[in-house]
Amino acid sequence: MKDNLIIGLIAGAIFPLIVVETLIMSVNEDLLTFSQTYLENVCLLAIGLNAGLMWVVLNTFKKDKIGRGILLSNFGYVIAFVIYFYT
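Reading the values: the criteria
- Residues numbered from 1 in each chain as written.
- Predicted model: local features only at pLDDT ≥ 70, side-chain atom pairs only at ≥ 80, totals over all residues.
- Heavy atoms only, no water.
- Helix = DSSP H or I, 4+ residues; strand = E, 2+ residues; numbered from the N terminus.
- Buried < 20%, exposed > 50% of the residue type's maximum accessible area, 1.4 Å probe, protein only.
- Areas by Shrake-Rupley, 256 points an atom, 1.4 Å probe, with all protein chains shown as cover.
- Lys, Arg positive; Asp, Glu negative; His and termini not counted.
- Charge placed at Lys NZ, Arg CZ, Asp CG, Glu CD.
- Expected span 1.5 Å × (residues − 1).
- Arc of directions from axis to C-beta.
- Contact = heavy atoms within 4.5 Å.
- Core = buried A, V, L, I, M, F, W, Y, C linked by side-chain atoms within 4.5 Å.
- Axes fitted to C-alpha atoms, helices over the stretch in contact; angles between N-to-C directions.
- Left-handed = near helix turned anticlockwise from the far one by under 90°.
- Nonpolar A, V, L, I, M, F, W, Y, C, P; charged D, E, K, R; others polar.

Next up on the list: the overall build of the protein chain. Looking only at helices and strands, one finds four helices and zero strands in the protein chain. Going from N to C terminus, the protein chain has its helices and strands arranged as α-α-α-α. If one aligns the C-alpha atoms of the protein chain with their principal axes, the spans along those axes are about 45 × 30 × 20 Å. By the burial criterion, 25% of the 87 residues in the protein chain qualify as buried. As presented, the protein chain carries roughly 5800 Å² of accessible surface, and 71% of it is formed by carbon and sulfur atoms. For the protein chain, the separation between the mean place of its 5 positive charges and that of its 6 negative charges on side chains is 26 Å.

Owing to its 3.6 residues per turn, the α-helix aligns residues three or four sequence positions apart on the same side. Between the first and last C-alpha of helix α1 (residues 5–25) there are 31 Å, a value that for 21 residues agrees with the 30 Å anticipated at 1.5 Å per step. Listing the buried residues of α1 in full gives G8, G12, P16, V19 and V20. All buried residues of α1 lie within an arc of 90° about the axis, which places them on one face of the element. When the buried face of α1 is taken as reference, the exposed residues oriented beyond 90 degrees from it are L17 and M25. Where α1 is buried, its residues contact α3 (37–59) and α4 (64–86).

Turning our attention to the environment of N28. Along the chain, N28 turns up in the loop between α1 and α2 (29–34). Taking relative accessible area as the criterion, N28 reaches 52% and is therefore assigned exposed. Through-space distance from the C-alpha of N28 to that of V82 is 25 Å; in sequence the pair is 54 residues apart.

Bringing the nonpolar core into the picture now. Within the largest apolar cluster, five residues are counted, these being L39, C43, I47, F81 and F85. Looking at this core, the elements that each hand over two or more residues are α3 and α4. Here the element with the most residues in this core is α3; it accounts for three residues. Sequence-distant contacts of L39, defined by excluding residues within four places in its chain, comprise I24, Y84 and F85.

A few words on the packing of α1 against α3. In a pair of packed helices, the angle between the axes and the distance between the axes together describe the arrangement. Contact geometry for α1 and α3: axes closest at 9 Å, N-to-C directions at 140°. Pair α1 / α3 crosses with right-handed handedness. Each of A11, G12, F15, P16, V19, V20, L23 and I24 in α1 lies in contact with α3, whose residues at this interface are Y38, L39, V42, C43, L45, A46, L49, N50 and L53. When its residues are assigned to classes, the contact of α1 with α3 shows 15 nonpolar, two polar and no charged.

Below, the structure is given as structure tokens:
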């Protein structure tokens, strides 16, 4: 695989969305409507797993630019998380 920043941005943007969608589909709808705590925890888990993906890409596959792209997208998700849940 080619070491490219754009590939890392795309992978880092898609992976947390898949995690959040999978975990939200696996629970009852009432849990989401009555409490935002579950959604907040799922989003934090997705951000953490994205950081884990970055670590694997950097240390196992030695793809520096892909890891940087995942890190940039992770920063975007952290900023969006703080704005959505704490403002």
